[in-house]
Amino acid sequence: MNYNFKVLNNSYKTINYINKILPNFPKKEVILKQNIEKACYTIIENIFAYNINESTRIKDKNLKELLINLSMIDFYIRVSYDKKIISKHQFEVISRFIIEIKKMVYGLKKREVESP
C-alpha cells in the first residue's frame, strides 16, 4: 500500500504489525484485544477525515482525536506488555512506531496553526 500521505502510510505499517500480534492474545483478554483493534481502525478513520475536511477547526479536531487514539493504543500495548502477552521487543517496536506517528501529527498541527 503506497500512500502519498506519510502519516497514513506509517499508521498502516503500525496497524499491520499490531494485527500480526493480535491472534496470539489469550481468549481471556478479548476486551483488550477488541479495544486495540477498535483504536487502530479509528486512527485510519481520523486520518481520512482529516484529509477530506476543508475546515481548519474540523481538521484540528480530527488531529486531536488521532492523538487520543494513538495514546490509547500506547496504553493498551503497555498493559499487554505488563500482562506478559507481548514481548519486550514487540512493545518497543510498536512504541517507536507510535512515537514517530505522534511527531508527524504534531507537525501537522503546527502547520495548520501557521497557515492562515
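What counts, and at which threshold
- Residues numbered from 1 in each chain as written.
- Predicted model: local features only at pLDDT ≥ 70, side-chain atom pairs only at ≥ 80, totals over all residues.
- Heavy atoms only, no water.
- Salt bridge = Lys/Arg side-chain N within 4 Å of Asp/Glu carboxyl O.
- Helix = DSSP H or I, 4+ residues; strand = E, 2+ residues; numbered from the N terminus.
- Buried < 20%, exposed > 50% of the residue type's maximum accessible area, 1.4 Å probe, protein only.
- Phe/Tyr/Trp six-rings, centres within 6.5 Å; stacked < 30°, edge-to-face > 60°.
- Lys NZ or Arg CZ within 6 Å of the ring centre and 35° of its normal.
- Axes fitted to C-alpha atoms, helices over the stretch in contact; angles between N-to-C directions.
- Parallel < 35°, antiparallel > 145°, perpendicular 65-115°, else oblique.
- Left-handed = near helix turned anticlockwise from the far one by under 90°.
- Contact = heavy atoms within 4.5 Å.
- Nonpolar A, V, L, I, M, F, W, Y, C, P; charged D, E, K, R; others polar.
- Patch = residues over 30% accessible without salt bridge, like charges linked within 9 Å, V, L, I, M, F, W, Y side chains within 5 Å.
- Areas by Shrake-Rupley, 256 points an atom, 1.4 Å probe, with all protein chains shown as cover.

**Student:** Got a minute to help me understand the pattern of salt bridges in this structure?
**Tutor:** Evaluated as defined, the whole model comprises four salt bridges. Where Lys109 meets Asp60, a salt bridge forms, and the shortest distance between an N and an O atom there is 3.0 Å. With Lys109 in helix α4 (residues 88-114) and Asp60 in helix α3 (residues 56-82), this residue pair connects regions lying 49 residues apart in the sequence. Among the residues examined, Lys109 registers a relative accessible area of 18% and is labelled buried. We note a salt bridge from Glu65 to Lys61, for which the minimum N-O separation is 2.9 Å. Pair noted here: Glu65 and Lys61 are both in helix α3, with a separation of four residues, about one helical turn. What you see here is one network of salt bridges that share partners, running through Asp60, Lys64 and Lys109.

**Student:** What am I meant to see in the packing of aromatic side chains here?
**Tutor:** Within a pair of aromatic rings, the relevant descriptors are the distance that separates the centres and the angle that separates the planes. Tallying each qualifying case throughout the model produces four aromatic pairs. Aromatic side chains Tyr81 and Phe91 sit 4.9 Å apart centroid to centroid with 15 degrees between the ring planes, which places their arrangement in the stacked category. Note that Tyr81 is positioned in helix α3 and Phe91 in helix α4, a separation of ten residues in sequence. We classify Phe91 as buried; its relative accessible area is 14%. Its end group placed over the ring of Tyr50, Lys59 keeps NZ or CZ at 4.8 Å from the ring centre.

**Student:** Looking at this structure, I do not really get unusual backbone geometry. What am I missing?
**Tutor:** Trans is the prevailing form of peptide bonds, just as negative phi is the prevailing case for residues other than glycine. Its identity as a non-glycine residue notwithstanding, Lys84 has a phi of 65 degrees, on the positive side. Take Lys84: it is sitting in the loop between α3 and α4. Accessibility expressed as a relative area gives 74% for Lys84, which makes it exposed.

**Student:** Sorry, what's going on with the packing of helix α2 (residues 30-52) against α3 here?
**Tutor:** Think of two packed helices as two axes; the pair is described by the angle between the axes and how far apart they sit. Taken N-terminus to C-terminus, the directions of α2 and α3 make an angle of 160 degrees; their axes are 9 Å apart at the nearest point. Between α2 and α3, the angle is such that the two are roughly antiparallel. In the crossing of α2 with α3, the sense of the turn from one axis to the other is left-handed. Contact residues: Leu32, Asn35, Ile36, Ala39, Cys40, Thr42, Ile43, Asn46, Ile47, Ala49 and Tyr50 in α2; Lys59, Asn62, Leu63, Glu65, Leu66, Asn69, Leu70, Ile73, Tyr76, Ile77, Val79 and Ser80 in α3. Tallied by class, residues from the contact of α2 with α3 come to 15 nonpolar, six polar and two charged.

**Student:** Mind showing me how you'd approach a nonpolar patch on the surface here?
**Tutor:** A contiguous nonpolar patch, built from Ile68, Met72 and Phe75 and spanning about 280 Å² of accessible area, is present on the exposed surface. Here Met72 is to be found in helix α3.

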